[in-house]
Amino acid sequence: MIKLTDEMREHVNSALEKRYPCLISTASKDGEPGLGFRGSVMIWDDEHIAWWERGRRNQMGNMEENPRAAVVFRNHELNVGWRFYGEVTFHPKGDPLWEQVWERVVPAEQERDPDKIGTAVIMRVDIVRGMMPEAIQERD
């Protein structure tokens with residue numbers, strides 16, 4: 001069962017403000033990796049993570065080919081961190097979730113996309129790991 005915690009929400013949703021943006025990991029259908037920092041990552045609800053994807057390079061292409069992704073949060077000063085694994089869905093302009101995600105994106109990231117050309121990405125979390133390899137939560 002997946003139930004993202006208030007502690008996760010507190011740290012992930014303030015990650016950019018505290019200068020610990022999340023890292024998104026993807027892979028193309030051929031296994032070509034992609035990594036990128038995202039300051040817009042948020043705990044969406046008890047089972048999902050969302051972010052505003054404004055990059056048009058390999059991350060978006062990878063996720064279009066292979067919807068499996070991972071999000072990593074780590075604050076070494078507090079010795080806290082998680083790895084979230086799951087499957088993404090895209091919510092482009094016109095989709096009601098596109099606007100809902102935009103409204104929750106931190107202002108610093110909204111300022112980087114003044115024309116709102118990005119896409120809302122929501123990832124259903126299937127596995128949560130701490131900094132050790134063992135799963136601390138897993139979807140049934």
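In every chain, residue numbers begin from 1 and rise along the written sequence. For a predicted model such as this one, the threshold for reporting local features is a pLDDT of at least 70, and the threshold for listing and counting side-chain atom pairs is 80 or more; totals across whole chains, interfaces and linings nevertheless cover every residue. In computing side-chain properties, one takes all heavy atoms of the structure into account and sets aside hydrogens as well as water.

Undergrad: For this particular structure, what's the right way to read the overall build of the chain?
TA: Helix and strand definitions here come from DSSP, where helices need a minimum of 4 consecutive H or I residues and strands a minimum of 2 consecutive E residues; each element is numbered from the N-terminal end. When you go through the chain residue by residue, the secondary structure sums to four helices and eight strands. Start at the N end of the chain and walk to the C end: the helices and strands fall as α-β-β-β-β-α-β-β-α-α-β-β. Computation of the radius of gyration draws on C-alpha atoms alone. For the globule rule, the value is 2.2 Å times the number of residues to the power 0.38. Taken over C-alpha atoms, the radius of gyration comes to 14 Å for the chain, in line with the 14 Å a tight globule of 140 residues would show. Reported as C-alpha extents along the three principal axes, the dimensions of the chain are approximately 40 × 35 × 25 Å. Expressed as a percentage of contacts within the chain between residues at least 6 apart in sequence, the contacts between residues at least 24 apart total 68%. Within the structure as shown, the chain displays about 7700 Å² of accessible surface, and the carbon and sulfur contribution to it stands at 50%. Seen as two clouds, the 19 positive and the 25 negative side-chain charges of the chain have centres 3 Å apart. We call two residues in contact when some of their heavy atoms are within 4.5 Å. All accessibility values rest on the Shrake-Rupley procedure with a 1.4 Å probe; residue burial counts only the protein chains present in the view. The charged-residue count follows a simple rule in which Lys and Arg add positive charge and Asp and Glu add negative charge, with His and chain termini not counted at all. All charge positions are set by atom: Lys at NZ, Arg at CZ, Asp at CG, Glu at CD.

Undergrad: I tried to follow the environment of Met 123 on my own but got confused; where do I start?
TA: Topologically, Met 123 is positioned in strand S7 (residues 119–129). Only protein chains enter the accessibility calculation, which uses a 1.4 Å probe. A residue is then buried if its area is under 20% of the maximum for its type, exposed if over 50%, and partly exposed in between. Residue Met 123 is classed as buried on the basis of its relative accessible area of 0%. If near-sequence neighbours (up to four positions away) are discounted, Met 123 is found in contact with Glu 47, His 48, Ile 49, Trp 51, Ala 69, Val 71, Phe 84, Tyr 85, Gly 86, Glu 87 and Val 88.

Undergrad: Mind showing me how you'd approach the packing of aromatic side chains here?
TA: Two aromatic rings are characterised by how far apart their centres lie and by the angle between their planes. Here is the rule: rings of Phe, Tyr and Trp (six-membered ring for Trp) pair when centre to centre is within 6.5 Å. Planes less than 30 degrees apart are stacked, more than 60 are edge-to-face, and the remainder are tilted. Under the defined criterion, the tally for this structure stands at three aromatic pairs. Aromatic pair Trp 52 and Trp 98: ring centres 5.4 Å apart, planes at 50°, arrangement tilted. With Trp 52 in strand S4 (residues 48–53) and Trp 98 in helix H3 (residues 96–104), the pair connects residues that are 46 residues apart, well separated along the chain. Judged by relative accessible area, Trp 52 falls into the buried class, the value being 2%. Between Arg 129 and the ring centre of Tyr 85, over which it is positioned, the NZ or CZ distance is 5.2 Å. Ring-over charges, as used throughout, are those where CZ of Arg or NZ of Lys falls within 6 Å of the ring centre and within 35 degrees of the ring normal.

Undergrad: It is not clear to me how the nonpolar core should be interpreted in this structure. Could you clarify?
TA: In summary, soluble globular proteins display a tendency toward joint burial of nonpolar side chains. Among the nonpolar cores identified, the biggest contains 25 residues, and Leu 4, Ile 49, Trp 51, Val 71, Phe 84 and Met 123 are the most heavily contacted of them. Of all the secondary-structure elements, those providing two or more residues to this core are helix H1 (6–13), strand S1 (22–27), S4, helix H2 (58–65), strand S5 (68–75), strand S6 (80–91) and S7. Apart from the residues within four sequence positions on either side, Phe 84 is in contact with Leu 4, Met 8, Val 12, Ile 43, Ile 49, Ala 69, Ala 70, Val 71, Met 123, Val 125, Ile 127 and Val 128. Of all hydrophobic cores here, the second largest spans 10 residues; its members include Met 42, Trp 44, Ala 50 and Ile 122. Within this scheme, the nonpolar core is defined by two criteria: the residues are buried Ala, Val, Leu, Ile, Met, Phe, Trp, Tyr or Cys, and they are joined through side-chain atoms within 4.5 Å.

Undergrad: Hey, could you run me through H3 in this one?
TA: At 3.6 residues per turn, the α-helix brings residues three or four places apart onto the same side. If you check which residues of H3 are buried, you get Trp 98, Val 101 and Trp 102. Seen from one end, H3 has its buried residues packed into an arc of 100°, which puts them on one side. Seen from the open side of H3, the exposed residues pointing more than 90 degrees away from its buried face are Pro 96 and Glu 103. The inward-facing, buried residues of H3 abut strand S3 (42–45), S4, S6, helix H4 (107–111) and S7. What qualifies as a polar contact is a pair of N or O atoms within 3.5 Å, subject to a donor-acceptor requirement within protein and to the restriction that residues adjacent in sequence count only when both atoms come from side chains. The backbone nitrogen of Leu 97 has a side-chain oxygen 2.8 Å away, supplied by the residue at the start of H3, namely Asp 95. By construction, the arc corresponds to the directions joining the helix axis to the C-beta atoms.

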